[in-house]
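# Overview (structure and organization)
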Amino acid sequence: RRVHGENHREEPTQLTMLTLRSRSALLRPAVRRQFCSTILKDEVQTALVLAIQQLERTMNKQFTQVNNHLGRINEEQIRHKAEQMFGVDFCRPLVVKSLFDAFRPFANDLTFEEVQYFTKRVEQKLLREHILFDFVQKLEAEICESQLHPHLSEHVRKNSLLGKNFTVSLKSLQCGIGAAIQDHDNNLSKRLERIVKFMDHQQRVELSSCAGPGVMLCFFAANEDLKAMQVPEVVDIDLCGKIEIIGKHISVQVGEIKSSLRSNYSSARQQLTQRCRFYEWIARTVNPQTDNVIKIGRIVIPRGETDLLVEDQVQSDVSIYIHRL
């Protein structure tokens, strides 16, 4: 460069020298191969990690499918043995999606007209006793206390789901569906959607239909100690059992199939108790003059099941019997 009319050559700094040395070193074949090899190793390792993670996900999915398939095979084998003891009709699986489905286990030969008549009586009781209002009221209180629903909780505090004179706010419920989806709770959003479909006149569905909240509200009314968020949309029963109405007496029997009792006994007992109460509520609605109700839950397990010695539990509410077949 030219300084004060003279040509001066700029001396290279230490950093410049290091940079030049690094560049010249990369020009050497041996160093260049080592540099490229290091980059290649990192890329290969990254690819291997991604491939292993994908393989783990695939294997876990396949293991889950195999376990579910083996579980269904085991369940059918136990069901076949149970049929020899209780009969084919008793051991049919049942998913109660509508109030019409709820009358399938009734031992009495009900005609289609009778099922329609009884279903209408159940609908009238749900409406007369404001079960929908009670359900939404309890649900709203649980949402406000929950830390897992920040968006829905904020919405409910600003816009109550309840109206006046035992009514429910349709507009607030509709907005609540979106808030529940934001909170990643699809089950809760589906419950709210059932209520909205029943209340919205433009897309109104019957209370007793598969898309309506009838089954959910009956289950809630029958199990008062159950949280509203835990109330199922449909009732799944392994052994549909038998419901008999004789005069003023009602007998309710349902069953569950379990492969083991080591970790499933408490859940099986709870499921049977809730389902027996569900059918007791429906049977009492159909037959208001009922004086006595006998509720029996039957747990069916393989004969070789010896990992837990559990005796029959006979109590005032629901009697639980264990059958090793």
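Residues numbered from 1 in each chain as written. Predicted model: local features only at pLDDT ≥ 70, side-chain atom pairs only at ≥ 80, totals over all residues. Heavy atoms only, no water.

## Describing the packing of helix 4 (residues 131-145) against helix 8 (residues 214-222)
The test is simple: Between the N-to-C directions of two axes lies an angle of 0 to 180 degrees, each axis being a line fitted to C-alpha atoms and, for a helix, fitted only over the stretch in contact. Under the DSSP-based scheme used, a helix requires at least four consecutive residues in state H or I and a strand at least two consecutive residues in state E, with every element numbered from the N terminus. Any angle that falls under 35 degrees is termed roughly parallel, while one over 145 is termed roughly antiparallel, one within 65 to 115 roughly perpendicular, and all others oblique. Note on contacts: a residue pair qualifies if any of its non-hydrogen atoms lie within 4.5 Å across the two residues. Three classes are used: nonpolar for Ala, Val, Leu, Ile, Met, Phe, Trp, Tyr, Cys and Pro, charged for Asp, Glu, Lys and Arg, and polar for all others, with Gly counted as polar.
Contact geometry of helix 4 with helix 8 gives a least axis separation of 10 Å together with a crossing angle of 75 degrees. Between helix 4 and helix 8, the interaxial angle falls into the category roughly perpendicular. Within the contact between the two elements, helix 4 uses I131, L132, D134, F135 and K138 and helix 8 uses M216, L217, F220 and A221. Here the residues of the contact of helix 4 with helix 8 sort into seven nonpolar, no polar and two charged.

## Quick notes on the pairing of strand 7 (residues 292-301)
Across a regular strand the side chains alternate sides, sitting on one face of the sheet and then on the other. Keep this limit in mind: Burial here depends on accessible area, computed with a 1.4 Å probe over protein chains only, as a share of the maximum for the residue type. Under 20% is buried, over 50% is exposed, and the range in between is partly exposed. For two strands to pair, DSSP has to find at least two bridges joining them.
Taking burial as the measure, the ten residues of strand 7 include eight buried ones, the bulk of the element. Bridging between strand 7 and strand 8 (residues 319-324) involves six bridges; their strand directions are parallel. Counterpart to I296 in the pairing with strand 8 is S319.

## Concerning helix 4
Definition in use: Helix span, as expected, comes to 1.5 Å for every residue beyond the first.
In a regular helix each residue adds 1.5 Å, so 15 residues correspond to 21 Å; helix 4 covers 21 Å between its end C-alpha atoms and thus fits that length. Those residues of helix 4 that sit buried are I131, L132, F133, F135, V136, L139, E140, E142 and I143. Those residues of helix 4 that are buried lie in contact with helix 3 (112-128), helix 5 (150-158), helix 7 (186-199) and helix 8.

Coordinates in, geometry out; function isn't part of it.
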